[in-house]
Amino acid sequence: MASRPNRIRPVRRPIINKEANEFEPCWEILRDALTDIHRKNAGRLSFEQLYRASYKIVLRRKGDLLYERVKAFEEEWFRDHIMPRIAELISNNLVSKALIQPPTSSAHERREMGERFLRGIRDAWEDHNTSMNMIADILMYLDRAYTAATKNPTIFAATIGLFREHILKNSLGQASAELDHQFVVFDILNAVVLDLINMERDGDIIDRNLLRKITSMLEDLYETDEEVENQKLYLTVFEPQYIENSSNFYRNECEKLLRESDASTWLRHTQRRLNEEQDRCETTISILTSDKIAKVVQTHLFMARMDDFLAMEGSGLRVMIDNDRLEDLAILYQLVSRVDRNKTPLMGPLQNRVMELGLEIEQTLKNTDFSTPAAGGAEGEDGDAKDGAKTQTLSATAQQTAAAIKWVDDVLLLKDKFDNFWTNCFDKDIMIQSAVTKSFSDFINMFSRSSEFVSLFIDDNLKRGIRGKTEAEVDIVLDKAIVLLRYLTDRDMFERYYQKHLARRLLHGKSETHTEKEMVLRMKSEMGNHFTSKFEGMFKDMELSKDLTENYRDHIQGLGDVDTKKIDLNISVLTTNNWPPEVMGRTASQEGDTRQECTYPPVIKRLQDSFFKYYLKDRSGRVLTWVGSAGSADIKCVFPKVPGKETGPLSKERRYELNVSTYGMIVLLLFNDLGDGDSLSFEEIQAKTNIPPSELTRTLASLSIAPKARVLLKNPMSKSIKPSDSFSFNAQFVSKTIKIKAPTISSLSKVEGDDERKETEKKNDQTRAHVVDAAIVRIMKQRKQLTHTQLTTEVITQLAGRFKPDISLIKKRIEDLLVREYLERVEGEPAYRYLA
């Protein structure tokens, strides 16, 4: 049996714990370095050496031990070096004034004590923050290899958080026991900061930079070392207390302002507080709180008692509007816009005030005396010194017309007032404009005469107000007229009145044609072609009549007829459908009477026949009817010398040129054939001329009653015309002017009386019935079948641009169309079917 050879084995070395031996020397190096860093002796340290020391420890898998040793070192440093200094700053007096008792000491004393405490906290934090940043740098490999793998907080987060646990949350047990009040340093910190902020709100000067350092510290600290963004100490602890404290402050301040100040002061104070709080968040607290603190101010200082402030006598919203306090209204709008996107708190009172002021305008009319004419307000009167010295009383009709013009002027002034607010105070807010516009429309249409008054206002401006104005001023007048027209709902009534007033202006040459056309053009742009078609037809008639007149004059001159040349004829050939019935003399015929044909003097009759012959030469089949009530005439009058008068105007022959109506011309020509001292009675004049009695009464009044055109003497002399009166030539008539205008009553645009208005409304209702019929047939022809509700809604929608039809009118017209078999009912349904 063979034996195994012997082998020599090497001696085994004893096992030595090399890792443990390397940790302690490395930690000693790091600990000494930590101490030097805290003592601000880091200048002699070698970053490379310290990094290598921490690297070796982590490499030997002792990162957890190093992590804990560093935390333990920092906790010990807080206990031995930081907390004693903090404890010295927290006196019993500070704790008592900050947490226990209300602040009874002077603001200066509290500020000095509080800022000294905050400076101590700030210094400790800045030292700790600087030290932890340097320590994090030398332990960089620990974070990279250990904390990242174990998912622990970084060494910086773990050590910086020690300030939260060992400083801010320290209860200072002995101090708490002495005061018998449980608190932590954080409580004192918050209380001091809030007290300083309240001091600044009351006007004191504080160290803003110091407060910013403190709030920045709270933004850098978190509830836990995980450092969740929404768990910053600033957000979880300080901010809620800051919001609560501010709420109490502004709640109390609002009550004080309500007791001691007015609405204007409150508005400015609220705006200033909002600006202050925004500035405080940007420079002292934190921008994180800006929206929340703004909401506090808005809620407790503005919204809480807003209704009480705006209702204040002498300074509330009503006074702001009435006295044009633009700055106050602008601030109010800005504040309301911050809290309510719909501006409801502002729009409601604004609408109510518009309605109140609008109704006040109507009430003012009833309480105003219009019996005395305004300066320059009597149209067609010359400035006779003798007559002008007397104050004449306006007739009832003239007073109503003056009231109409004043009502529209006052409405426009009110509109300008609120337009000024809208532009300069309300930032041209569309919602506010819509609300105010609705209120204007409501109160304007509540006034039954609004359509007539608006037309009279335009008539007054186009007759007398345009001459002498620049183009820009004319545009302003036209724009105002369109603004008023937009507000009207009964535009068909306005159309009827405007047609009547326009006709009188055109026929009597009371306005400038280009301005009239510009007005109609704007109406057309606003209301559509259907609204202005008759107006445009009237302009066309006047233009064609001008050409016709010139051609007729050329024709007459070519004939060589000497007698015919003595009378200069201006013809206006009017299309019946374009002109209002009142102007065309159709009122009587519409009531069932036959039109009366006036008896013209032979010289005028020959002229009429001559024109008829010329006109019908190229226009066979046309029918012309003279409308005496619509024309005018210029008559050259000769007043002979009065026997027995040797001096003065009556001692010589006097020649005047008298402008009268066509009926006035006919009446005056009757007196050419009378002897001196002869007279004609009312009945005789009526029999010779066949002028309708109502027209004859107005004509004789203008020739015998009006002082400046009294070319006829009336017997007996009175201010009214009666059938028993007689009239004679006034040989002693004298005037200072050569050209005299007899007031033509029919040419004046005036407010209708109650009877006239009822007649106008009756005619307008008849027209509306036809318009509604046409709308119903048009709709049903297109839709074939509709329910009653659908048909009613569509009719209202289609006619909204002209007027707002009553439901009862629509129902009545539907019934009429059913009888006339334009429609039929659908069995079993509340619906109608169109019958072709």
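Please read these numbers as outputs of a predicted model, since none were measured by experiment.

S.K.: Any chance you could break down the overall build of the protein for me, citing the residues and the numbers?
M.R.: For the protein, the helix and strand inventory stands at 35 helices and 9 strands. Classification of the 836 residues of the protein by burial places 45% in the buried group. Across the protein, contacts joining residues at least 24 apart in sequence account for 71% of those joining residues at least 6 apart. About 44600 Å² of surface is accessible on the protein, with carbon and sulfur atoms providing 49% of the total.

S.K.: Go over the pattern of salt bridges, please, and point to the residues and values.
M.R.: Tallied over the entire structure, the rule returns 55 salt bridges. A salt bridge links E327 to R268; the shortest N-O distance between them is 3.1 Å. One end of the pair, E327, is in helix α16 (residues 326–339); the other, R268, is in helix α12 (residues 263–283), and 59 residues separate them in sequence. By relative accessible area, R268 is classed as partly exposed at 30%. E543 is the salt-bridge partner of K517, the closest N and O atoms lying 2.2 Å from each other. Separated by 26 residues along the polypeptide, K517 in helix α24 (residues 513–527) and E543 in helix α25 (residues 529–559) bring together distant segments of the chain. In this structure E543 comes out as partly exposed when scored by relative accessible area, which is 40%. A single salt-bridge network, built from bridges that share partners, covers E200, R201, R208, E277, D279 and R280.

S.K.: Account for the sheet that holds strand β6 (residues 739–741), naming residues and giving values.
M.R.: With respect to topology, 3 strands assemble into an open sheet ordered β1-β2-β6, the strand pairing being mixed. Strand pairing shows two members of the sheet lacking a second neighbour, β1 (632–639) and β6, which therefore form its edges. Taking the axes of each pair of neighbouring strands and ignoring which way they run, one obtains an average angle of 25° across the sheet. Pairing of strand β2 (residues 654–661) with β6 involves 3 bridges; the strand directions are parallel. Residue pairing in the sheet places N659 in a bridge with K741 of β6. The strands touched by helix α30 (residues 662–670) are β1 and β2; relative to β2, the strand with the most contacts, the crossing angle is about 135°.

S.K.: Go over the sheet that holds strand β8 (residues 823–825) with me, naming the residues and quoting the values.
M.R.: The strand order β7-β9-β8 describes an open sheet built from 3 strands, whose pairing is antiparallel. Two strands lie at the open edges of the sheet, namely β7 (785–787) and β8, each paired on one side alone. Neighbour-to-neighbour, the strand axes of this sheet turn through a mean angle of 30°, independent of strand direction. The pairing of β8 with strand β9 (residues 831–834) spans 3 bridges and is antiparallel. Counterpart to R825 in the pairing with β9 is Y832. Lying on the sheet, helix α34 (residues 788–799) is in contact with β7 and β9; it crosses β7 at an angle near 95°. Here helix α35 (residues 807–819) sits on the sheet in contact with β8 and β9, set at roughly 100° to β8.

S.K.: Requested: an account of unusual backbone geometry, with residues and values cited.
M.R.: The omega torsion of the bond from N715 to P716 falls at -5°, within 30 degrees of zero and hence cis. Relative to the assigned elements, P716 resides in the loop between β4 (712–715) and β5 (726–729). Of note, N690 is a non-glycine position whose phi angle comes to about 60°, a positive value. By the secondary structure assignment, N690 is in the loop between α31 (682–689) and α32 (693–704). Phi is positive for E821, which is not a glycine, with a value near 65°.

S.K.: Got a sec to walk through the side chain of D725? Specific residues and values, please.
M.R.: You can see D725 is positioned in the loop between β4 and β5. Under the relative-accessibility criterion, D725 is labelled buried at 1%. Within the local environment of D725, its side chain forms a polar contact with the side chain of K714, the two groups lying 3.2 Å apart. Not counting residues up to four positions away in its chain, the partners in contact with D725 are S681, F682, K714, N715, P716 and S720.

So, how was this worked out
Residues numbered from 1 in each chain as written. Predicted model: local features only at pLDDT ≥ 70, side-chain atom pairs only at ≥ 80, totals over all residues. Heavy atoms only, no water. Helix = DSSP H or I, 4+ residues; strand = E, 2+ residues; numbered from the N terminus. Buried < 20%, exposed > 50% of the residue type's maximum accessible area, 1.4 Å probe, protein only. Contact = heavy atoms within 4.5 Å. Areas by Shrake-Rupley, 256 points an atom, 1.4 Å probe, with all protein chains shown as cover. Salt bridge = Lys/Arg side-chain N within 4 Å of Asp/Glu carboxyl O. Pairing = 2+ DSSP bridges. Axes fitted to C-alpha atoms, helices over the stretch in contact; angles between N-to-C directions. Polar contact = N/O pair within 3.5 Å; in protein donor to acceptor, adjacent residues only side chain to side chain.

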